[in-house]
Amino acid sequence: QVQVAESGGGLAQAGASLRLSCSATGSFLRVNSIGWYHQAPGKQRELVAAILKSGTTNYVDSVKGRFTISGDSERNMVFHLQMDGLKPEDTGVYYCKAAVLTAFQFEYDVWGQGIQVTVSS
């Protein structure tokens, strides 16, 4: 069984930084991709950043230049979302989703429980 856990959230002032971490543990060959999702209060969950096993990264326009996703899908299975220049609209719950590859060459998604980020103005 694979588990994904987020850490590093909390309260920050506008303009400050936070770093979220996502760890994947359990029985799998590798993590094919990681996605960080943001769910603002009363809104749908939105993908804000993703990284593939190749190292290719993608960001939603609202976080480009402010957020950086990183990690190593071959080694320690820990991935980060560096959040700089935080804005009040970044407030919400952040979820990590890992696409893991099993020994049977089957890929499936595993979600973390989410972590709260609150940005005050």
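Cut-offs and rules
- Residues numbered from 1 in each chain as written.
- Predicted model: local features only at pLDDT ≥ 70, side-chain atom pairs only at ≥ 80, totals over all residues.
- Heavy atoms only, no water.
- Salt bridge = Lys/Arg side-chain N within 4 Å of Asp/Glu carboxyl O.
- Helix = DSSP H or I, 4+ residues; strand = E, 2+ residues; numbered from the N terminus.
- Buried < 20%, exposed > 50% of the residue type's maximum accessible area, 1.4 Å probe, protein only.
- Phe/Tyr/Trp six-rings, centres within 6.5 Å; stacked < 30°, edge-to-face > 60°.
- Lys NZ or Arg CZ within 6 Å of the ring centre and 35° of its normal.

A. Quick peek at the pattern of salt bridges. Summed over the entire model, instances satisfying the criterion amount to three salt bridges. For Asp-90, the salt bridge is made with Arg-66, and the minimal N-O distance between the two is 2.8 Å. On the criterion of sequence distance, the pair formed by Asp-90 in the loop between β8 (78-83) and β9 (92-101) and Arg-66 in the loop between β6 (57-59) and β7 (67-71) is long-range, its members being 24 residues apart. On the accessibility criterion, Asp-90 (5% relative accessible area) is buried. Linking Lys-97 and Asp-109 is a salt bridge whose minimum nitrogen-to-oxygen distance equals 3.5 Å. One end of the pair, Lys-97, is in strand β9; the other, Asp-109, is in strand β10 (residues 107-111), and 12 residues separate them in sequence. For Lys-97, a relative accessible area of 18% translates into the label buried. Taking the relative accessible area as the measure of exposure, Asp-109 reaches 43% and is therefore partly exposed.

B. Quick look at the packing of aromatic side chains. Applying the stated criterion across every chain yields a total of three aromatic pairs. Look at Tyr-95 and Trp-111: their rings are 6.4 Å apart centre to centre, the planes differ by 80°, and that puts the pair in the edge-to-face class. Residue Tyr-95 is located in strand β9, and its partner Trp-111 is located in strand β10; the two are separated by 16 residues in the primary sequence. Residue Trp-111 is classed as partly exposed on the basis of its relative accessible area of 37%. Ring centres of Phe-106 and Tyr-108 lie 6.0 Å apart, and the angle between their planes is 20°; on these two criteria the pair is classed as stacked. Taking relative accessible area as the criterion, Phe-106 reaches 53% and is therefore assigned exposed. An aromatic cluster is built from Tyr-37, Tyr-95 and Trp-111, whose rings are joined through pairwise contacts. Sitting over the face of the ring of Tyr-95, Arg-45 holds its NZ or CZ atom 3.6 Å from the ring centroid. When the ring centre of Trp-111 is taken as origin, the NZ or CZ atom of Arg-45, which lies over that ring, is 4.8 Å away.

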